[in-house]
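Summary of the model geometry
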Amino acid sequence: MWSWGFIWHLRSKRDHVSFFFKFIALELKRCSMAHNCLQCIKYLMFVFNLLFWLGGCGILGVGIWLAVTQGNFATLSSSFPSLSAANLLIVTGTFVMIIGFVGCIGAIKENKCLLLSFFIMLLIIFLLELTVVILFFVYTDKIDKYAQRDLKKGLHLYGTDGNIGLTNAWSIIQTDFRCCGVSNYTDWFEVYNTTRVPDSCCLEFSENCGLHSPGTWWKAPCYETVKIWLQENLLAVGIFGLCTAMVQILGLTFAMTMYCQVVKADTYCA
């Protein structure tokens, strides 16, 4: 007959084998869950970045179209002539396309380096935007004074060769907002060296109506008029800014979550 010690030894060995197989099964289940989670995040991030990339293509396309047609919304600044709507859209669209492309490839290839690069680039842009917004609110008064001074300098480029974009921009602003000049219609007197304003300042547009009496011109200052319009539409501007921030935060979350899942999957399933 077998001794009790031998029987206990067999039971102990069987328990160890059973525990080993249970451990293997648990690890395989955990690995499968990590893989399924990774696949879910992978395709969500790919779709997100594909839309991000397509948005960049659209922004770039609009920028190029404005640049080719010499756009109606060129810069009004004489200090930063390259800071036109077309150039801003082209640069923004290019950056968005690059970031979206890196995110797409990083997601579909499950590449840790690309995922981390996407996260860092998006984080830098988010922090820069946040810094600009904070500085804008801190130095609002100084920005106001500088902007008005710079816009007045830009008036001297109105109607000159190579500045059709600026000329069109001022014409559209004065016509649509029913205003004249930066801080007053008299700003144009320094430009023309006479009592005259552009025809876009007239209450009723006609050829050379800017040579008529001041009673036929818009009196509201354009800077304050546009500023009031922005304040009245602050909710829409705020919603746009909030949506932009949410999209970026969502992208950061996707990127870091997927990066962690890739690392975890490599650890469990190596």
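Provided above is the structure to which this section pertains.
Residues numbered from 1 in each chain as written. Predicted model: local features only at pLDDT ≥ 70, side-chain atom pairs only at ≥ 80, totals over all residues. Heavy atoms only, no water.

Before going further, it helps to examine the overall build of the protein chain. Broken down by element type, the protein chain carries 8 helices and 0 strands. Scanning the protein chain from its N terminus toward the C terminus, one meets helices and strands in the order α-α-α-α-α-α-α-α. The buried share of the protein chain, taken over its 270 residues, is 30%. Excluding contacts between residues fewer than 6 apart, the proportion of contacts in the protein chain whose partners are at least 24 apart in sequence is 66%. (Helix = DSSP H or I, 4+ residues; strand = E, 2+ residues; numbered from the N terminus. Buried < 20%, exposed > 50% of the residue type's maximum accessible area, 1.4 Å probe, protein only. Contact = heavy atoms within 4.5 Å.)

Below, the discussion takes up the packing of aromatic side chains. The description of an aromatic ring pair uses the distance of the two centres, along with the angle that the planes make with each other. One pass over the structure, following the stated rule, counts 10 aromatic pairs. Summarising the aromatic geometry, the rings of Phe48 and Phe52 are spaced 5.9 Å apart at their centres and angled 15° between planes, so their arrangement reads as stacked. Note that Phe48 and Phe52 are positioned in helix 1 (residues 4-68) at a spacing of 4 residues, about one turn of the helix. Accessibility assignment for this pair places Phe48 and Phe52 in one class, buried. Here the aromatic rings of Trp188 and Tyr192 are separated by 6.2 Å at their centres, their planes lie at 35°, and the arrangement is tilted. With a gap of 4 residues between them, Trp188 and Tyr192 both fall in helix 6 (residues 187-192), about one helical turn apart. (Phe/Tyr/Trp six-rings, centres within 6.5 Å; stacked < 30°, edge-to-face > 60°.)

All right, on to the side chain of Asp144 then. Residue placement: Asp144 occurs in helix 4 (residues 140-155). Within the local environment of Asp144, its side chain forms a polar contact with the side chain of Lys227, the two groups lying 2.7 Å apart. (Polar contact = N/O pair within 3.5 Å; in protein donor to acceptor, adjacent residues only side chain to side chain.)

A few words on the environment of Leu88. Looking at the element boundaries, Leu88 is found in helix 2 (residues 85-109). Through-space distance from the C-alpha of Leu88 to that of Ile59 is 9.6 Å; in sequence the pair is 29 residues apart.

The subject of this paragraph is helix 2. Compared with the 36 Å implied by 1.5 Å per residue over 25 residues, the 36 Å span of helix 2 between its first and last C-alpha is a close match. Directly after helix 2, the chain includes Glu110, whose backbone phi takes a positive value near 55°. (Expected span 1.5 Å × (residues − 1).)

Attention shifts here to a nonpolar patch on the surface. Together, Leu123, Leu127, Leu130, Val133, Ile134, Leu135, Phe136, Phe137, Val138, Tyr139 and Ile143 give the surface a local cluster of nonpolar side chains, amounting to about 1000 Å² of exposed area. When residues of the nonpolar patch are assigned to their parent elements, the largest contribution, 9 residues, is made by helix 3 (residues 112-138). (Patch = residues over 30% accessible without salt bridge, like charges linked within 9 Å, V, L, I, M, F, W, Y side chains within 5 Å. Areas by Shrake-Rupley, 256 points an atom, 1.4 Å probe, with all protein chains shown as cover. Salt bridge = Lys/Arg side-chain N within 4 Å of Asp/Glu carboxyl O.)

Attention shifts here to the state of the cysteines. Note: disulfide means a covalent bond formed between the sulfur atoms of two cysteine side chains. Scanning the entire structure with this criterion turns up 3 disulfides. One disulfide bridge connects Cys180 with Cys201, the sulfur atoms lying 2.1 Å from each other. Looking down the S-S bond of the Cys180 and Cys201 bridge, the torsion is 90°, so its handedness is right-handed. Taken together, the residues span a long stretch of sequence, with Cys180 in the loop between helix 5 (164-176) and helix 6 and Cys201 in the loop between helix 6 and helix 7 (222-232) at a distance of 21 residues. Both residues of the pair, Cys180 and Cys201, count as buried. Covalent S-S linkage joins Cys202 and Cys209, the inter-sulfur distance amounting to 2.1 Å. Residues Cys202 and Cys209 are joined through a disulfide that is right-handed, its torsion about the S-S bond being 110°. Given the relative accessible area of 6%, Cys202 is considered buried. Take Cys209: its relative accessible area is 2%, and that puts it in the buried class. (Disulfide = S-S within 2.5 Å.)

Shape descriptors only; they carry no functional weight alone.
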